[in-house]
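Chain residues, written in single-letter form:
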Amino acid sequence: MKLHGWLFIGLFTLLALGSPSTGCGPEQPAGVDASMYLAAIGPEVILPELRAFKAEAEAFEAALEAADRPDEARPAFVSALLRWQRLEGLQVGPASSPASPGGQALRDRIYSWPIVDPCDIDRFIVQGALPDATFFDDVLVDRIGLDAIEYLLFSGKTQACGEELEETWMALAPEVVTSRRLAHARFLAADVTATADALIASWEGDFAAAFNAFDSTEALNAVFEAMFYLETQTKDRKLGQPLGLVGCSSECATQAEGQLSATGAEAIGQNLAGFEALYRAGMDDIVRDQLRRRELANAIDDALDEARGATSGVDGDLALLIETDRERVEALHAAVKSVTDLLKLDLATVLMLQIPREVAGDND
């Protein structure tokens, strides 16, 4: 996978353009030295998580290779997916969007949820032959990554295109569908592992050097922006929308994440763990010791404890949990909101950091 050349071109172009947040952004408050915190982000937070995910991805590849049926590889898939959920909130640099400093959208190559196209995946199954090596250079992210693999392993023998493929699909023997889906899953899984490798290489080399050379305010804003995954995705998209609180008015529970693999509920706890790792790597010390805002630090500690407690024992299909124990999911949403309210109001103010544009007008 040829990543490093265009990684550097994109990186330094985006450094020149600046961050996609509101305004130009103030300087850090007087007396704040974030250098130790920023130096710890790569080696102590992101790289260990990437290496742990790569190990899970490799174990999943091995399970797929040995599998004769999709169900035989499902446990290894779930382990890999849930490990990736910790990295969803660690999108700094090449994992982040091209609008962010150094961003190459490699997160979307591994996991693009909620963007996935099951019908187009089934078209590949009907064609039979695996795509060639140029596939990943041209294909849209809704047809690759862990979310596409989830569909291949958990959707049974039905197809998602309706009448378009019905006649052709019915002509395929069930064992042919199984064999082709396993082969396609292996093809996609190899790219997931390769992309994890590319992210690790970037944080060990090219991007790590560039990140360490960032202006400290710019680097801190990039980290702060990554933390807002807990607000925009975990709180609003993964919990608020299926609950009908944000952007949905009917059949909202069907929009929950991970319904096929029954991982949507547990994903919330993994997202929270990733957020907490980023905060505990030194931002908490800045708030408590450098700024002497101990009341705020204590409030964040309490909110994180409450949210962690709310995720305890919450697992399985989130859509089903909303139907059977809605109050518990609402309590989880409220607990996560307590954390993100402190993030976007109090923490942003005391650290004089920029709030991402998509959050700036959000009063929720």
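Note that the structure is predicted; figures quoted are calculated from it, not measured. (Residues numbered from 1 in each chain as written. Predicted model: local features only at pLDDT ≥ 70, side-chain atom pairs only at ≥ 80, totals over all residues. Heavy atoms only, no water.)

1. Topic: the overall build of the protein chain
Here is step 1 of the chain: Scanning the protein chain from terminus to terminus reveals 18 helices and zero strands.
Here is step 2 of the chain: Its C-alpha radius of gyration of 21 Å places the protein chain within 12% of the 21 Å reference for a compact globule of 364 residues.
Here is step 3 of the chain: Judged by the C-alpha coordinates and their principal axes, the protein chain covers about 70 × 50 × 30 Å.
Here is step 4 of the chain: For the protein chain, the proportion of its 364 residues judged to be buried stands at 54%. (Helix = DSSP H or I, 4+ residues; strand = E, 2+ residues; numbered from the N terminus. Rg over C-alpha atoms; globule rule 2.2 N^0.38 Å. Buried < 20%, exposed > 50% of the residue type's maximum accessible area, 1.4 Å probe, protein only.)

2. Some remarks on unusual backbone geometry
Here is step 1 of the chain: Here the bond from W113 into P114 is cis, since omega is 10°, no more than 30 degrees from zero.
Here is step 2 of the chain: With respect to the helices, strands and loops of the structure, P114 is situated in the loop between α4 (106-110) and α5 (118-127).
Here is step 3 of the chain: Its identity is not glycine, yet A105 carries a phi of approximately 55°, on the positive side.
Here is step 4 of the chain: Examined against the element boundaries, A105 turns out to sit in the loop between α3 (74-87) and α4.
Here is step 5 of the chain: Within the chain, E251 stands out as a residue other than glycine whose phi angle is a positive 50°.
Here is step 6 of the chain: On the secondary structure map, E251 appears in the loop between α12 (229-240) and α13 (264-280).
Here is step 7 of the chain: Residue class for E251 comes out exposed when judged on its relative accessible area of 65%.

3. Re the confidence of the model for the protein chain
Here is step 1 of the chain: Of all residues in the protein chain, 90% attain a pLDDT of 70 or more, and the chain-wide mean is 90.
Here is step 2 of the chain: Per-element mean pLDDT across the protein chain ranges from 36 in helix α1 (residues 4-17) up to 98 in α3.
Here is step 3 of the chain: For the stretch residues 1-25, pLDDT sits under 50, and the model shows 51 contacts to residues farther than four places along the chain or on other chains. (pLDDT = per-residue confidence, 0-100. Contact = heavy atoms within 4.5 Å.)

4. What to know about the state of the cysteines
Here is step 1 of the chain: If you walk through the whole model with that rule in mind, you get two disulfides.
Here is step 2 of the chain: Put simply, C119 and C161 are joined by a disulfide, and their sulfur atoms are 2.0 Å apart. Handedness of the C119-C161 disulfide follows from its S-S torsion of about 115°: it is right-handed. One end of the pair, C119, is in helix α5; the other, C161, is in the loop between α7 (145-154) and α8 (163-170), with 42 residues separating them in the sequence.
Here is step 3 of the chain: C161 sits in the buried class, given a relative accessible area of 12%.
Here is step 4 of the chain: Here C248 pairs with C252 through a disulfide, and the sulfurs are 2.2 Å apart. Where C248 bonds to C252 through sulfur, the torsion about that S-S bond is close to -105°, and the disulfide is left-handed. In this pair, the class of C248 matches that of C252, namely buried. (Disulfide = S-S within 2.5 Å.)

5. Focus: helix α15 (residues 294-311)
Here is step 1 of the chain: The end-to-end C-alpha separation of α15 is 26 Å, in line with the 26 Å expected for 18 residues at 1.5 Å each.
Here is step 2 of the chain: Within the sequence span of α15, burial applies to L296, A297, I300, D301, A303, L304, A307, A310 and T311.
Here is step 3 of the chain: Packed against the buried residues of α15 are α13, α14 (283-290) and α17 (326-351).
Here is step 4 of the chain: Backbone geometry just after α15 places G313 at a positive phi near 75°. (Expected span 1.5 Å × (residues − 1).)

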